[in-house]
Amino acid sequence: MVRRILIIGSSLLMIWGLVILSWGFRDLPIDQRPEWMNWQMVLWPVVVLGLVESGRIARYVKKGFRVRIDQFKLVMHGIPALVIALAPVGIFTNFFGAQSLWSLLDFPTAKVMAALWLAFALWTAWEVDLP
């Protein structure tokens, strides 16, 4: 029952976080968003998804399973997601050129998707081994 309440609560928090982020970006030109918005965009899904996943991991540990982090997955998914989410706007356009597909990584949609990708990578990198 507690797990279901956490899942419902984390879902509502995720919706609320998306509303807050969208509201904050609504009237800003793409290159004038404050730095705190970038960090909020990354931290919000990490914390919200962590509410549910940390409980699951704790249950595995309590049952005697060994829990470890898949460092390869974390590096291969977490670092690119973090770089895309927190890179200053225009860095991909300046580095690869405006006509490059890589320049699309400067758009807010890519930044939000990268933040969610990072949160997913952080919480799915945990592996459970049998005792």
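*Asks:* Go over the environment of L105, please, and point to the residues and values.
*Replies:* Within the element layout of this structure, L105 appears in the loop between α4 (91-96) and α5 (108-124). C-alpha of L105 to C-alpha of T93: the two residues are 12 residues apart in sequence and 8.3 Å apart in space. In this structure L105 touches I84, F92, A110 and K111, once residues within four positions along its chain are discounted.

*Asks:* I'd like a description of the packing of aromatic side chains, backed by residues and values.
*Replies:* Within the structure shown, the criterion is met by three aromatic pairs. When the centroid spacing of 5.8 Å and the interplanar angle of 90° are considered together, the rings of Y60 and F65 count as edge-to-face. By relative accessible area, which is 28% here, Y60 ends up partly exposed.

*Asks:* Requested: an account of the packing of helix α2 (residues 35-62) against α5, with residues and values cited.
*Replies:* Remark: α2 packs on α5, axes separated minimally by 9 Å, with the N-to-C direction vectors making an angle of 25°. The angle between α2 and α5 falls in the class roughly parallel. In terms of crossing hand, the pair formed by α2 and α5 is right-handed. Between α2, through M41, V42, P45, V46, L49, G50, E53, S54, R56 and I57, and α5, the contact on the second element is made entirely by K111, V112, A115, L116, L118, A119, F120, L122 and W123.

*Asks:* If you had to explain α2 to someone new, which residues and values would you point to?
*Replies:* With 28 residues, α2 should reach 40 Å at 1.5 Å per residue; the first-to-last C-alpha distance of 39 Å fits that figure. Where α2 bends most, the angle comes to about 40°, and this point is G50. Looking one or two residues beyond α2, the residue adopting positive phi is G64, at roughly 95°.

*Asks:* Residue-level account of the side chain of S103, with values.
*Replies:* Among the structural elements, S103 can be located in the loop between α4 and α5. Residue classification places S103 among the buried positions, given a relative accessible area of 8%. Within the structure, S103 has its side chain in polar contact with the backbone oxygen of A98 (distance 3.3 Å). Within the structure, S103 has its side chain in polar contact with the backbone oxygen of S100 (distance 2.6 Å). Residues in contact with S103, not counting those within four places in the same chain, are F92, T93, G97 and A98.

*Asks:* Break down a nonpolar patch on the surface for me, with residues and values.
*Replies:* A surface patch of nonpolar side chains, amounting to about 500 Å² of accessible area, comprises F72, V75, M76, I79 and V83. Looking at the element boundaries, I79 is found in helix α3 (residues 71-86). Owing to a relative accessible area of 48%, I79 belongs among the partly exposed residues under this scheme.

*Asks:* Provide a residue-level description of the confidence of the model for the chain, including the pertinent values.
*Replies:* On average, residues of the chain score 83 in pLDDT, and 86% of them are at 70 or above. Within the chain, the element-level pLDDT minimum falls on helix α1 (residues 2-25), averaging 72, and the maximum on strand β1 (residues 66-69), averaging 92.

*Asks:* Which residues make up the nonpolar core, and what are the values?
*Replies:* Counting 13 residues, the largest nonpolar core has V42, I84, A85, F92, L105 and A115 as the members making the most contacts within it. Mapped by element, the contributors of at least two residues to this core are α2, α3 and α5. In this structure, A115 is in contact with M41, V42, P45 and A85, ignoring residues within four places of it in sequence.

Cut-off values and rules
- Residues numbered from 1 in each chain as written.
- Predicted model: local features only at pLDDT ≥ 70, side-chain atom pairs only at ≥ 80, totals over all residues.
- Heavy atoms only, no water.
- Helix = DSSP H or I, 4+ residues; strand = E, 2+ residues; numbered from the N terminus.
- Contact = heavy atoms within 4.5 Å.
- Phe/Tyr/Trp six-rings, centres within 6.5 Å; stacked < 30°, edge-to-face > 60°.
- Buried < 20%, exposed > 50% of the residue type's maximum accessible area, 1.4 Å probe, protein only.
- Axes fitted to C-alpha atoms, helices over the stretch in contact; angles between N-to-C directions.
- Parallel < 35°, antiparallel > 145°, perpendicular 65-115°, else oblique.
- Left-handed = near helix turned anticlockwise from the far one by under 90°.
- Expected span 1.5 Å × (residues − 1).
- Bend = angle between axes of the 7 residues up to and from the residue.
- Polar contact = N/O pair within 3.5 Å; in protein donor to acceptor, adjacent residues only side chain to side chain.
- Patch = residues over 30% accessible without salt bridge, like charges linked within 9 Å, V, L, I, M, F, W, Y side chains within 5 Å.
- Areas by Shrake-Rupley, 256 points an atom, 1.4 Å probe, with all protein chains shown as cover.
- Salt bridge = Lys/Arg side-chain N within 4 Å of Asp/Glu carboxyl O.
- pLDDT = per-residue confidence, 0-100.
- Core = buried A, V, L, I, M, F, W, Y, C linked by side-chain atoms within 4.5 Å.

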